[in-house]
Amino acid sequence: MTTAHAAVAAPGARFTKLFRRKPDQGGEPRLSPLWTFVAWLATLAFFAPVAWMVLTSFHQEADAATNPPTPFAAVTLDQYKLLFSRDITPFLLNSAMASILSTLLVLALAVPAAYALSIKPVEKWTDVMFFFLSTKFLPAIAALLPVYLIVKDAGMLDNVWTLVILYTAMNLPIAVWMMRSFLAEVPKEILEAAEVDGAGLLTVLWRVVAPVAMPGLAATSLICFIFSWNEFMFAVNLTATQASTAPVFLVGFITNEGLFLARLCAAATLVSLPVLIAGFAAQDKLVRGLSLGAVK
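Scoring rules and cut-offs
Counting from 1, residues in each chain are numbered in the order their sequence is written. The model is predicted, so local features are restricted to residues of pLDDT at least 70 and side-chain atom pairs to those at 80 or more, both for listing and for counting; the totals for chains, interfaces and linings are taken over all residues. Values shown for side chains rest on all heavy atoms present in the structure; no hydrogens or waters enter the calculation. As used in this record, nonpolar core signifies buried Ala, Val, Leu, Ile, Met, Phe, Trp, Tyr and Cys residues forming a set joined through side-chain atoms within 4.5 Å. Buried means the residue's accessible area, taken with a 1.4 Å probe over protein chains only, is under 20% of the maximum for its type, while exposed means over 50%, and partly exposed covers the values in between. Numbering of helices and strands runs from the N terminus; a helix is a DSSP stretch of H or I covering at least four residues, while a strand is a stretch of E covering at least two. Orientation is described by lines fitted to C-alpha atoms, with helices fitted over the stretch in contact, and by angles between N-to-C directions that extend from 0 to 180 degrees. Throughout, the term roughly parallel applies to angles under 35 degrees, roughly antiparallel to angles over 145, roughly perpendicular to angles from 65 to 115, and oblique to all others. Residue contacts are counted whenever heavy atoms from the two residues lie within 4.5 Å of one another. Amino acid classes used here: Ala, Val, Leu, Ile, Met, Phe, Trp, Tyr, Cys and Pro are nonpolar; Asp, Glu, Lys and Arg are charged; the rest, including Gly, are polar. Read the arc as the range of directions from the helix axis to the C-beta atoms. Ring geometry is summarised as follows: Phe, Tyr and Trp rings, the Trp one being its six-membered ring, pair when their centres sit within 6.5 Å, and such pairs are stacked at plane angles under 30 degrees, edge-to-face over 60 and tilted between the two.

A separate point is the nonpolar core. The biggest cluster of nonpolar side chains holds 21 residues, and the ones touching the most others in it are Tyr115, Ile119, Met179, Leu183, Leu191, Val204 and Val209. For this core, the secondary structure elements donating two or more residues are helix 5 (89-118), helix 8 (160-183), helix 9 (188-196), helix 10 (201-212) and helix 11 (214-230). At 5 residues, helix 10 tops the list of elements feeding residues into this core. Judged by nonpolar contacts, the second largest core, of 16 residues, contains Leu92, Trp229, Phe253 and Ala267.

What follows concerns the environment of Pro69. In this fold, Pro69 is placed in the loop between helix 3 (61-64) and helix 4 (78-85). Spatially, the C-alpha atom of Pro69 lies 9.3 Å from that of Thr56, the residues being 13 residues apart in sequence.

At a closest axis distance of 4 Å, the pairing of helix 10 and helix 11 adopts a crossing angle of 75°. Classified by the angle their axes make, helix 10 and helix 11 are roughly perpendicular. Taken together, the residues of helix 11 that come into contact with helix 10 (itself represented by Ala210, Pro211 and Val212) are Met214, Pro215 and Leu217. Considered class by class, the residues forming the contact of helix 10 with helix 11 number 6 nonpolar, no polar and no charged.

All right, on to unusual backbone geometry then. Its identity as a non-glycine residue notwithstanding, Asp87 has a phi of 60°, on the positive side. Looking at the secondary structure, you find Asp87 in the loop between helix 4 and helix 5. Relative accessible area serves as the criterion here: at 43%, Asp87 is assigned to the partly exposed category.

What follows is about helix 4. Within helix 4, the full set of buried residues consists of Gln79, Tyr80 and Leu83. One side of helix 4 carries all its buried residues, which in axial view fall inside an arc of 95°. Turned more than 90 degrees from where helix 4 packs its buried face, Lys81 and Ser85 sit exposed. Check the buried side of helix 4 and you find it contacts helix 2 (33-57), helix 3, helix 13 (246-251) and helix 14 (261-281). Once helix 4 finishes, Asp87 follows within two positions and takes phi at roughly 60°, a positive value.

For the structure shown, the criterion picks out 5 aromatic pairs. Both rings, one in Phe91 and one in Phe249, keep their centres 4.9 Å apart while their planes meet at 45°; by these two values the pair is tilted. With Phe91 in helix 5 and Phe249 in helix 13, the pair connects residues that are 158 residues apart, well separated along the chain. For Phe249, a relative accessible area of 6% puts it in the buried group. Note on Phe130 and Phe137: the rings are 6.1 Å apart at their centroids and 70° apart in plane angle, and the pair reads as edge-to-face.

Okay, here's the thing in structure tokens:
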């Protein structure tokens, strides 16, 4: 009976062994080859739509619209020439200005708030955190009409600074929640030593907290930048010609007549580049920041 059970369990044991972590030469556990293969498959599955978008952007409209698609069609730069002929630069500059300025404002407001809610907790700080979170309960579309009327009465329609203020308000609750978890990991002994040396609040924030929490700052700023860069609803309803952003520019390629897929893919590729470059440049700090506090 024991031999029969062993014979039945042997295939399952071998299958489990394929997924088991194996120690490397230094004694640290590492993923088995099968887990590595699964990870690569998942990575390729997520990357495939992006790769297809980039490939389609180098095709003619007739080749991009074929069914089934023709991935080995002739390569051309006509779609990118068309983009710059339609003057995409102002839209990119508006997006960059709104995203960068709003991200800087969010960090300037979120870091002191997170400091007061984590390192120097105020009274009933949990109620404060719930208030920040409650501001995200209302769907953005429900606030569109009141915001539009307020912006119109203030004479701020089609103004980049309107987007800067709105993006700051939209991203501030997320930034406060993220920065609080990051600042909670800052050793209290470092702060006490700085206070003993006579450092003020601004000095502690700039010279002590900021360097220690730099991975968290990088992760928070990158996420706020991405959210601001990709925001569409307020941008398309509150801007017209002077302050339109890159997502609004993309909509102009969707028409009811003619082919537009290759041009749309080229525009989407060009608009995605700043976010990809920022993410690649800060990938080490982003990974450290998002995993900060995960292990006690």
